[in-house]
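What the coordinates show
Each chain, letter by letter, is given below.
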Amino acid sequence: ATLAISLLIGSKADITTGKELEGAEIVLLNENGEELERWISTKEPHIIKGLEAGKTYKLKETIAPKGYILSETETEFTINNDGKPQRVVMFNEPISIHTTAKDKADGDKYLKPQGKQTIIDTVAYKGLTVGKEYTIKTTLMNKRTNKPIMENGKPVVVESKFVAEKNHKLLACDFYCLNLSFYQ
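Residues numbered from 1 in each chain as written. Predicted model: local features only at pLDDT ≥ 70, side-chain atom pairs only at ≥ 80, totals over all residues. Heavy atoms only, no water.

1. Here's the deal with the overall build of the chain
Looking only at helices and strands, the chain has zero helices and 17 strands in total. Expressed as a percentage of the 184 residues in the chain, the buried residues total 34%. Long-range pairs, those at least 24 residues apart, make up 62% of the contacts in the chain between residues at least 6 apart in sequence. (Helix = DSSP H or I, 4+ residues; strand = E, 2+ residues; numbered from the N terminus. Buried < 20%, exposed > 50% of the residue type's maximum accessible area, 1.4 Å probe, protein only. Contact = heavy atoms within 4.5 Å.)

2. Structural notes on the side chain of S41
Secondary-structure assignment places S41 in the loop between strand 3 (35–40) and strand 4 (46–48). For S41, a relative accessible area of 8% gives the class buried. With sequence-adjacent residues up to four places away left out, S41 is seen in contact with K12, L21, E22, G23, A24 and I26.

3. Focus on the pattern of salt bridges
Evaluated as defined, the whole model comprises seven salt bridges. A salt bridge links E61 to K12, with the shortest nitrogen-to-oxygen separation between them at 2.9 Å. Of this pair, E61 sits in strand 5 (residues 56–63) while K12 sits in strand 1 (residues 8–14), placing them 49 residues apart in sequence. Look at K12 and you get buried, because its relative accessible area is 1%. For the salt bridge of E25 with R38, the shortest nitrogen-to-oxygen distance reads 2.9 Å. Taken together, the residues span a long stretch of sequence, with E25 in strand 2 (residues 25–29) and R38 in strand 3 at a distance of 13 residues. By sharing partners, the salt bridges in this structure join E25, E35 and R38 into a single network. (Salt bridge = Lys/Arg side-chain N within 4 Å of Asp/Glu carboxyl O.)

4. Topic: the sheet that holds strand 2
Taken in spatial order, the four strands make up an open sheet running 3-2-5-6, and their pairing is antiparallel. A single partner strand is all that each edge strand has here, and the edge strands are strand 3 and strand 6 (75–78). The sheet shows a mean angle of 20° between the axes of neighbouring strands, taken without regard to direction. In terms of strand pairing, strand 5 meets strand 6 through four bridges, oriented antiparallel. Each residue of the ladder has a partner; that of L59, found in strand 6, is T75. (Pairing = 2+ DSSP bridges. Axes fitted to C-alpha atoms, helices over the stretch in contact; angles between N-to-C directions.)

5. Here's the deal with unusual backbone geometry
Unusually for a residue other than glycine, N146 sits at a positive phi of about 60°. Relative to the helices and strands, N146 is located in the loop between strand 11 (141–142) and strand 12 (147–148).

6. A short note on the nonpolar core
Grouped together as the largest cluster of nonpolar side chains are 13 residues, with contacts concentrated most on L28, L51, L59 and F77. Put simply, the parts of the chain that give this core at least two residues each are strand 2, strand 5 and strand 7 (86–92). Membership of the second largest hydrophobic core comes to seven residues, among which are V123, L128, Y134 and F162. (Core = buried A, V, L, I, M, F, W, Y, C linked by side-chain atoms within 4.5 Å.)

7. Some details on the environment of K58
Looking at where K58 falls in the secondary structure, it is placed in strand 5. In sequence terms K58 and T75 are 17 residues apart; their C-alpha atoms lie 5.3 Å from each other. Not counting residues within four places of it along the chain, the set of residues in contact with K58 comprises V27, L28, L29, E74, T75, E76 and F77. Reaching out from K58, the side chain makes a polar contact with the side chain of E74 at a distance of 3.4 Å. (Polar contact = N/O pair within 3.5 Å; in protein donor to acceptor, adjacent residues only side chain to side chain.)

Written as structure tokens, this is what we have:
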């Protein structure tokens, strides 16, 4: 005779912090891949009752929480025979985007206050939608003061657009630095 488990605790958590994530759509599947239950994750773990001991089940994410990469791996688990509550946690990795801007003239991170400057901005990202256009806004900063560099009384800001294709993209931004206030 098999025992019916009284409680399964299904969680959706950030892989870096372990905190519960809201907004993921999760499906519970039986051994045959048939859907048994579907829910949207909240700040609290989801409780499932009445699963059969000794049977194998899967949790599948169909919609990722906002700001996170869709988990394409199904989480498989087998219900213990001891009848005690069981916890199954699915993790999500946050979408990430990082940029590294360098002066094209010499490859360092410092601009000289003279004429037209070209900055090469290398963009590395993970989890963006392939084929979708994104915009990066770059504000030139004075490293000494940690304040924006000003041109005619306004911060120097340049927008670069790119379409996510793979794990990284190289963008070149032209800055026209004619009346920069480097020392504020």
